[in-house]
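Fold and geometry: a report
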Amino acid sequence: MPPKDYYNTLNIAPNASVQQIKQAYRKLAMQFHPDKHKGDLYMQAFFHEIQEAYEVLSHPQNRAQYHQKRWYHLSTGKKFANSTPKTPFSLL
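Residues numbered from 1 in each chain as written. Predicted model: local features only at pLDDT ≥ 70, side-chain atom pairs only at ≥ 80, totals over all residues. Heavy atoms only, no water.

When you go through the chain residue by residue, the secondary structure sums to 5 helices and 0 strands. Listing the helices and strands of the chain from first to last along the sequence gives α-α-α-α-α. For the chain, buried positions account for 34% of its 92 residues. Sequence-distant contacts, at least 24 apart, represent 60% of the contacts inside the chain between residues at least 6 apart. When the accessible surface of the chain is split by element, carbon and sulfur atoms take 56% of a total near 6,500 Å². (Helix = DSSP H or I, 4+ residues; strand = E, 2+ residues; numbered from the N terminus. Buried < 20%, exposed > 50% of the residue type's maximum accessible area, 1.4 Å probe, protein only. Contact = heavy atoms within 4.5 Å. Areas by Shrake-Rupley, 256 points an atom, 1.4 Å probe, with all protein chains shown as cover.)

Below, the discussion takes up the pattern of salt bridges. Here the structure, examined in full by the defined rule, presents 3 salt bridges. The closest approach of N and O atoms between Glu49 and Lys4, which form a salt bridge, is 3.2 Å. You can see Glu49 sitting in helix H3 (residues 41-58) and its partner Lys4 sitting in the segment before helix H1 (6-10), a full 45 residues away along the chain. Lys4 matches Glu49 in its accessibility class, with the two residues each being buried. Linking Lys4 and Glu52 is a salt bridge whose minimum nitrogen-to-oxygen distance equals 3.2 Å. One end of the pair, Lys4, is in the segment before H1; the other, Glu52, is in helix H3, with 48 residues separating them in the sequence. Classification of Glu52 by relative accessible area gives partly exposed; the value is 30%. (Salt bridge = Lys/Arg side-chain N within 4 Å of Asp/Glu carboxyl O.)

Next up, the structure:
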(Lines give C-alpha, C1' and ligand atoms only; values in the text may rest on other atoms or scores of the structure.)
Protein backbone atom coordinates (compact mmCIF):
# COMPACT_ATOMS: atom_id res chain seq x y z
CA MET A 1 0.00 0.00 0.00
CA PRO A 2 1.42 3.41 -0.90
CA PRO A 3 2.24 5.80 1.94
CA LYS A 4 -0.11 8.62 2.83
CA ASP A 5 0.92 12.17 2.07
CA TYR A 6 0.80 13.65 5.57
CA TYR A 7 1.92 17.06 4.32
CA ASN A 8 -1.06 17.21 2.00
CA THR A 9 -3.35 16.10 4.83
CA LEU A 10 -2.21 19.02 7.01
CA ASN A 11 -1.94 21.43 4.03
CA ILE A 12 1.70 22.31 4.76
CA ALA A 13 4.98 22.25 2.87
CA PRO A 14 7.45 19.37 3.39
CA ASN A 15 9.97 21.79 4.88
CA ALA A 16 7.49 23.09 7.49
CA SER A 17 8.78 23.74 10.98
CA VAL A 18 7.45 21.95 14.06
CA GLN A 19 5.58 25.14 14.97
CA GLN A 20 3.90 25.27 11.55
CA ILE A 21 2.92 21.60 11.87
CA LYS A 22 1.39 22.26 15.28
CA GLN A 23 -0.53 25.30 14.00
CA ALA A 24 -1.89 23.42 11.00
CA TYR A 25 -2.92 20.48 13.20
CA ARG A 26 -4.73 22.70 15.70
CA LYS A 27 -6.56 24.58 12.95
CA LEU A 28 -7.75 21.39 11.24
CA ALA A 29 -8.52 19.64 14.54
CA MET A 30 -10.83 22.48 15.55
CA GLN A 31 -12.51 22.42 12.15
CA PHE A 32 -13.02 18.65 11.88
CA HIS A 33 -13.37 17.61 15.54
CA PRO A 34 -16.04 14.88 15.96
CA ASP A 35 -17.70 16.78 18.81
CA LYS A 36 -18.59 19.55 16.36
CA HIS A 37 -20.00 17.08 13.82
CA LYS A 38 -21.78 14.43 15.84
CA GLY A 39 -22.71 11.38 13.79
CA ASP A 40 -20.75 12.45 10.68
CA LEU A 41 -18.49 9.50 9.91
CA TYR A 42 -16.59 11.40 7.20
CA MET A 43 -15.53 14.10 9.65
CA GLN A 44 -14.57 11.47 12.21
CA ALA A 45 -12.45 9.57 9.67
CA PHE A 46 -10.72 12.72 8.48
CA PHE A 47 -10.03 13.78 12.07
CA HIS A 48 -8.23 10.47 12.62
CA GLU A 49 -6.17 11.10 9.46
CA ILE A 50 -5.20 14.52 10.82
CA GLN A 51 -4.18 12.97 14.14
CA GLU A 52 -2.10 10.31 12.39
CA ALA A 53 -0.31 12.93 10.28
CA TYR A 54 0.45 15.03 13.35
CA GLU A 55 1.75 12.05 15.32
CA VAL A 56 4.23 11.20 12.57
CA LEU A 57 5.36 14.71 11.67
CA SER A 58 5.63 16.15 15.17
CA HIS A 59 8.24 13.66 16.40
CA PRO A 60 11.70 14.09 14.82
CA GLN A 61 12.52 10.37 14.64
CA ASN A 62 9.15 9.43 13.11
CA ARG A 63 9.42 12.34 10.69
CA ALA A 64 12.89 11.24 9.57
CA GLN A 65 11.62 7.71 8.90
CA TYR A 66 8.63 9.11 7.02
CA HIS A 67 10.93 11.30 4.91
CA GLN A 68 12.98 8.25 3.92
CA LYS A 69 9.86 6.33 2.89
CA ARG A 70 8.48 9.42 1.13
CA TRP A 71 11.73 10.04 -0.75
CA TYR A 72 11.92 6.42 -1.90
CA HIS A 73 8.30 6.43 -2.98
CA LEU A 74 8.69 9.67 -4.93
CA SER A 75 11.95 8.52 -6.53
CA THR A 76 10.20 5.49 -8.01
CA GLY A 77 7.59 7.73 -9.63
CA LYS A 78 4.63 6.35 -7.72
CA LYS A 79 1.72 8.32 -6.34
CA PHE A 80 0.64 8.68 -2.74
CA ALA A 81 -2.43 7.07 -1.25
CA ASN A 82 -5.33 9.46 -1.08
CA SER A 83 -5.76 10.28 2.60
CA THR A 84 -9.20 11.85 2.27
CA PRO A 85 -12.18 9.69 1.36
CA LYS A 86 -14.06 10.66 -1.79
CA THR A 87 -17.43 12.26 -1.19
CA PRO A 88 -19.75 14.22 -3.45
CA PHE A 89 -18.68 17.40 -1.65
CA SER A 90 -14.98 16.77 -2.19
CA LEU A 91 -15.54 16.20 -5.90
CA LEU A 92 -17.27 19.55 -6.30
